[in-house]
Amino acid sequence: MNINKLFRSLPIRAKLTIAFGAWATVPVAILGVAGMVVTTRQIESKALEVMENELLVARERSEALLSRVRADLSYFAAANGLADLTSQPRRSGLERLAPALQTFLRHKPDYYRVLLVAADGRLLIVARAERTGRITVDLEPDPVEGLYYGYVADRVPPGQVGVQPLEVRGGEEVAPVAVVAFVQPLAAEGHSSAAVVLEFRLAQLADLFRGTAMASRGVTAVATSEGLLLYHSQRHRQHRSLLAAQPEATIYADLPRATAERVVSGMPGVDRGPRSIVAYVPFRFAGSSSGESFVLYHAVPRDELFAPARRLAAIVFGGGAVFLALALWLAVIAARQLTGPIRALRERTRRLAQGLRDAPLPVATNDELEDLSRDFAEMARQLQLHRENLES
């Protein structure tokens, strides 16, 4: 590359400034940009890895929670006399059962209610954990309320569990309470409506994400395989709106449709959308009759997830701008020092052509410019001698 041909009309000082600035900054700029790109990709990759790991931890917690629910259901299913009580209900037996249910709910705050459904579908007893912390037991509940759970239990094979997300009312609760009802049939064989029901509070799902970055950034949600939202980190205090039969209660209103369809596909993955990154993983309640599965997903805006990479880019570009300004300033100084003697020689040549006599030009550069200055001075001296000889 010939700078003289590229910048024909520029003076030599400007050409030298451009050359010095380019030689100083272009290699550094190339290395800096390459390093920034590599580092940015590493930061983004690490952010995605952390996001996926947090999701796996949350899934493990979710599955552990469901395992505890399964163990609690097994405890009731194996309880002596419980199946007999549902087939031949006796008030004395229900009264003896009441303290056990109260103790259970006192030590299991994640549950809202425990219900016992008779073989004929009637509701026999309801133990409820009120929002005030008081545990109440109703020995004369509305028998019609048990028909739904009896219907569910009648269609669940023995040894399996029915899983139903729904809202329930009653007790001291002002608003409906969002729960996932786990229905454990008590019949050893054949079809029967006899069942024990544990209603898990969906509000307790927030505990699964405490202490993780998922709780402080983006959106964390749990949904059914059909896309019905059971938990939403930004609306976890509005469970009534989550389980209500309205469009905004599904992940299709929370995510782009193509992303939502991948989330409920039953396969884990990461969707890198133009505005947000969505990591998702399914989990299943072991032993459910319908193979009931859920999906846990975490959506974080790109700007938030990749903020460290953008901060690094800003630092690199800012440092590059400072380095460029410094390099240009040094290039200007170097070009001025190099071209100063040349400009002085040019001025002396012009004056010599006019017949003017000047003092010797002191140039101390220890290079070819000093030699040129010395030769010019000798030429001027010889010309002056020749002029004096002609005049004499």
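Residues numbered from 1 in each chain as written. Predicted model: local features only at pLDDT ≥ 70, side-chain atom pairs only at ≥ 80, totals over all residues. Heavy atoms only, no water.

**A short note on helix α5 (residues 146–154)**
Then step 1. Within α5, the full set of buried residues consists of G146, Y149, G150, V152 and A153. The arc that holds every buried residue of α5, seen down its axis, measures 160°, which confines them to one face.
Then step 2. Of the surrounding elements, those touching the buried residues of α5 are β1 (111–117), β2 (123–129), β4 (162–168), β5 (177–185) and β6 (195–201). (Buried < 20%, exposed > 50% of the residue type's maximum accessible area, 1.4 Å probe, protein only. Helix = DSSP H or I, 4+ residues; strand = E, 2+ residues; numbered from the N terminus. Arc of directions from axis to C-beta. Contact = heavy atoms within 4.5 Å.)

**Structural notes on the pairing of β2**
Then step 1. A large share of β2 lies buried, amounting to 7 of its 7 residues.
Then step 2. Where β1 and β2 come together, 5 bridges link them in antiparallel fashion. Bridge pairing links R113 to R128 in β2.
Then step 3. Strand direction decides the pairing type here: β2 and strand β3 (residues 135–138), joined by 4 bridges, are antiparallel. Within β3, the position partnered with A127 by the bridge is V137.
Then step 4. Connecting β2 to the antiparallel partner β3 that follows it, the hairpin turn spans 5 residues, and G133 within it adopts a positive phi of roughly 95°. (Pairing = 2+ DSSP bridges.)

**With respect to the packing of aromatic side chains**
Then step 1. Under the counting rule described, the total for this entry stands at 4 aromatic pairs.
Then step 2. Each ring, one from Y111 and one from F200, has its centre 6.2 Å from the other, and the planes form 85°; the classification is edge-to-face. With Y111 in strand β1 and F200 in strand β6, this residue pair connects regions lying 89 residues apart in the sequence.
Then step 3. We classify Y111 as buried; its relative accessible area is 3%.
Then step 4. Each member of the aromatic cluster is reached from another via a ring pair, and the members are F104, Y111 and F200. (Phe/Tyr/Trp six-rings, centres within 6.5 Å; stacked < 30°, edge-to-face > 60°.)

**Regarding the sheet that holds β1**
Working definition: the strands of a sheet are paired by backbone hydrogen bonds and lie parallel or antiparallel to each other.
Then step 1. If you walk across this open sheet you meet the 6 strands as β3-β2-β1-β6-β5-β4, and the pairing is antiparallel. Edge positions in the sheet fall to β3 and β4, since each has one partner strand and no second. Across this sheet, the average inter-strand angle for adjacent strands is 20°, counted without regard to direction.
Then step 2. As defined by bridge partners, β4 adjoins β5 across 7 bridges and the pair is classed as antiparallel. Across the sheet, residue V163 finds its bridge partner in β5, namely F182.
Then step 3. Taken strand by strand, helix α4 (residues 91–107) contacts β1, β2, β3 and β6, and its axis lies near 30° from that of β2.
Then step 4. Running at roughly 165° to β4, α5 makes contact with β1, β2, β4, β5 and β6 of the sheet. (Axes fitted to C-alpha atoms, helices over the stretch in contact; angles between N-to-C directions.)

**Observations regarding the environment of R336**
Then step 1. Structurally, R336 can be placed in helix α10 (residues 307–353).
Then step 2. Classification of R336 by relative accessible area gives partly exposed; the value is 49%.
Then step 3. Distance in space between the C-alpha atoms of R336 and T17 is 8.7 Å, their sequence separation being 319 residues.

**Here we look at the sheet that holds strand β10 (residues 276–284)**
Then step 1. Here 5 strands make up an open sheet; going across it, the order is β8-β7-β11-β10-β9 and the pairing antiparallel. Only two strands of the sheet have a single neighbouring strand rather than two, namely β8 (229–232) and β9 (269–272). For this sheet, the mean angle separating the axes of adjacent strands, direction not counted, is 20°.
Then step 2. Strand direction decides the pairing type here: strand β7 (residues 219–224) and strand β11 (residues 293–301), joined by 6 bridges, are antiparallel. Across the sheet, V222 pairs through a bridge with L296, a residue of β11.

**Details of the confidence of the model for the protein chain**
Then step 1. Per-residue confidence for the protein chain gives a mean pLDDT of 76, with 76% of residues at or over 70.
Then step 2. Within the protein chain, the lowest mean pLDDT, 48, falls on helix α6 (residues 239–243), and the highest, 91, falls on β3. (pLDDT = per-residue confidence, 0-100.)

**What to know about the pattern of salt bridges**
Then step 1. Considering all chains together, one arrives at 9 salt bridges under this definition.
Then step 2. The partner of R91 in a salt bridge is E95, with the nearest N and O atoms 3.2 Å apart. Taken as a pair, R91 and E95 lie in helix α4 at a separation of 4 residues, close to a single helical turn.
Then step 3. With relative accessibility at 40%, the residue E95 sits in the partly exposed group.
Then step 4. Of the charged contacts, one joins R113 and E199 as a salt bridge, the two residues approaching to 2.7 Å between their closest N and O atoms. In this pair, R113 is assigned in strand β1 and E199 in strand β6, connecting sequence segments 86 residues apart.
Then step 5. Members of the salt-bridge network, linked through shared partners, are R91, E95 and E140. (Salt bridge = Lys/Arg side-chain N within 4 Å of Asp/Glu carboxyl O.)

**Comments concerning the nonpolar core**
Then step 1. Ranked by internal contacts, the top residues of the largest apolar core, which has 53 residues, are L116 and F182.
Then step 2. Residue contributions to this core peak at 10 residues, all from helix α2 (residues 12–77).
Then step 3. Not counting chain neighbours up to four residues away, the residues in contact with L116 comprise L82, L85, T86, L94, L97, R122, L123, L124, I125, L186, A195 and V196. (Core = buried A, V, L, I, M, F, W, Y, C linked by side-chain atoms within 4.5 Å.)

**A look at α4**
Then step 1. When the terminal C-alpha atoms of α4 are compared, their 25 Å separation across 17 residues agrees well with the 24 Å that a helix rising 1.5 Å per residue should span.
Then step 2. Of all the bends in α4, the largest measures some 25° and sits at L97, one to four residues before the proline P99.
Then step 3. For α4, every residue scored as buried is listed here: G93, L94, L97, A98, L101, F104 and L105. (Expected span 1.5 Å × (residues − 1). Bend = angle between axes of the 7 residues up to and from the residue.)

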